[in-house]
Amino acid sequence: MKMKMGRSEMIVDCYELNYKNFGKCVCIDNHIIKLMATLDVGPRIIYFGLSNGENILFEDIQRNFAEDTGKYGTWYAYGGHRIWRAPEVMPETYYPDNENVDYTFNNNVLELTQKQTPFGKKFSIVCTFNDDNTVNVENRITNCLDKPQKFAPWSVTGLAPGGIEIIPMCNDNTGFLPNRTIALWPYSDIYDSRFKICNNIAFLKHESSSERAFKAGFNITCGEVRYIIGDQTFTKYFDKYDQTLNYPDFMCNFETYTNKYFLECELIGDEREYQPCQTAVISEKWSVNQTCSDDLDRIDIFINEGSTYNV
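Just so we're clear, the structure is a prediction, and the values are computed from it rather than from any experiment.

Basis of the calculations
- Residues numbered from 1 in each chain as written.
- Predicted model: local features only at pLDDT ≥ 70, side-chain atom pairs only at ≥ 80, totals over all residues.
- Heavy atoms only, no water.
- Helix = DSSP H or I, 4+ residues; strand = E, 2+ residues; numbered from the N terminus.
- Patch = residues over 30% accessible without salt bridge, like charges linked within 9 Å, V, L, I, M, F, W, Y side chains within 5 Å.
- Areas by Shrake-Rupley, 256 points an atom, 1.4 Å probe, with all protein chains shown as cover.
- Salt bridge = Lys/Arg side-chain N within 4 Å of Asp/Glu carboxyl O.
- Core = buried A, V, L, I, M, F, W, Y, C linked by side-chain atoms within 4.5 Å.
- Buried < 20%, exposed > 50% of the residue type's maximum accessible area, 1.4 Å probe, protein only.
- Contact = heavy atoms within 4.5 Å.
- Pairing = 2+ DSSP bridges.
- Axes fitted to C-alpha atoms, helices over the stretch in contact; angles between N-to-C directions.
- Phe/Tyr/Trp six-rings, centres within 6.5 Å; stacked < 30°, edge-to-face > 60°.

**Some thoughts on unusual backbone geometry**
Then, in step 1: At the junction of Gly 42 and Pro 43, the peptide bond is cis and its omega measures out at 15° in the coordinates.
Then, in step 2: Mapped onto the secondary structure, Pro 43 falls in the loop between strand E4 (33-38) and strand E5 (45-50).
Then, in step 3: Each neighbour pair has its own omega, and for Ala 86 with Pro 87 the value is -5°, a cis peptide bond.
Then, in step 4: Looking at the secondary structure, you find Pro 87 in the loop between strand E8 (81-86) and strand E9 (102-106).

So, in structure tokens, the structure goes:
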């Protein structure tokens, strides 16, 4: 199947294909950026990048990263982007998304939906190609039970190995009150060589040689984080920090995790009771561009000489 649908002057191709060992996938491509989602498992976005570039998302070809969920089977990372529930609990958070995904594509909008889980939730991802060559990604969790459920939506983007993540720190002038939240997990070493932080920014590098995992959370108020991988720069834009929301994990709206396989860029939404048929949503916008050599030079100078990095 191949179809072309346009809005304004933008033409977007949509077609199905078999991609590596991920099975059947659906691809949307406007010949500048390309996005691909799995159909045999998911919902997952397994590919994103410039149409003539490499995939910036992690692909777990060897299925190295997995969790046993007992009677529910084995959850596989697979790679790419997914929607989870937070806080993290076993087995619900790791319920395997190993079944077929339904999809529709209309007016440059791709909607991916899985069946209801045994925990009374339905997960879906909606991707909209914009005229400025960005993609809106809306992550949804719907409460399918006849009673309220308390949880938060959790958007997780697994990124390809070998890159560096740029995380702007909050610089709001809060006077006598604190303005920066940094949360660390028990296995996170504050002296980890992959992690560097200063007053206005933090960096997290992916290194395949590092066996130990690292995770940190932040209150990101500027609404964007970047990941530079090879000659491509991925930017994730999201809603600004809202102090009226109940973010889990010490009120962090952004979390990042890395191990020897990948680096994850994660958004956390409002933890509260969602009523029957109510949907929790995290909205974000993705862009990918050719990496600017000036950015690489500034990062190198900052890491090696400790000078101020201007976001």
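**A closer look at a nonpolar patch on the surface**
Then, in step 1: Together, Ile 182, Leu 184, Ile 190, Tyr 191 and Ile 197 give the surface a local cluster of nonpolar side chains, amounting to about 500 Å² of exposed area.
Then, in step 2: Tracing the sequence through the fold places Tyr 191 in the loop between strand E15 (182-184) and strand E16 (195-197).

**Brief notes about the nonpolar core**
Then, in step 1: Counting residues in hydrophobic clusters, the biggest one holds 51 residues, and the most contacted among them are Leu 35, Phe 48 and Leu 110.
Then, in step 2: If we ignore the near neighbours within four places in the chain, the residues touching Leu 35 are Val 26, Cys 27, Ile 28, Ile 45, Tyr 47, Phe 48, Leu 110, Cys 127, Phe 129 and Val 135.

**Here's the deal with the sheet that holds strand E20 (residues 232-238)**
In a beta sheet, neighbouring strands pair by backbone hydrogen bonds and run either parallel or antiparallel.
Then, in step 1: Pairing is antiparallel in the open sheet, where ten strands are placed in the order E9-E10-E11-E12-E24-E20-E19-E14-E17-E16. Only two strands of the sheet have a single neighbouring strand rather than two, namely E9 and E16. Across this sheet, the average inter-strand angle for adjacent strands is 15°, counted without regard to direction.
Then, in step 2: Taken together, the six bridges between strand E19 (residues 224-229) and E20 define a ladder with antiparallel strand orientation. From the neighbouring strand, Glu 224 faces E20, where its bridge partner is Tyr 237.

**With respect to the packing of aromatic side chains**
Then, in step 1: Tallying each qualifying case throughout the model produces 23 aromatic pairs.
Then, in step 2: When the centroid spacing of 4.8 Å and the interplanar angle of 65° are considered together, the rings of Trp 84 and Tyr 94 count as edge-to-face. With a gap of ten residues between them, Trp 84 in strand E8 and Tyr 94 in the loop between E8 and E9 connect regions that are remote in the sequence. Across the pair, exposure class does not vary: Trp 84 and Tyr 94 are buried alike.
Then, in step 3: Judged by centre distance (6.0 Å) and plane angle (40°), the rings of Tyr 257 and Phe 262 are tilted.

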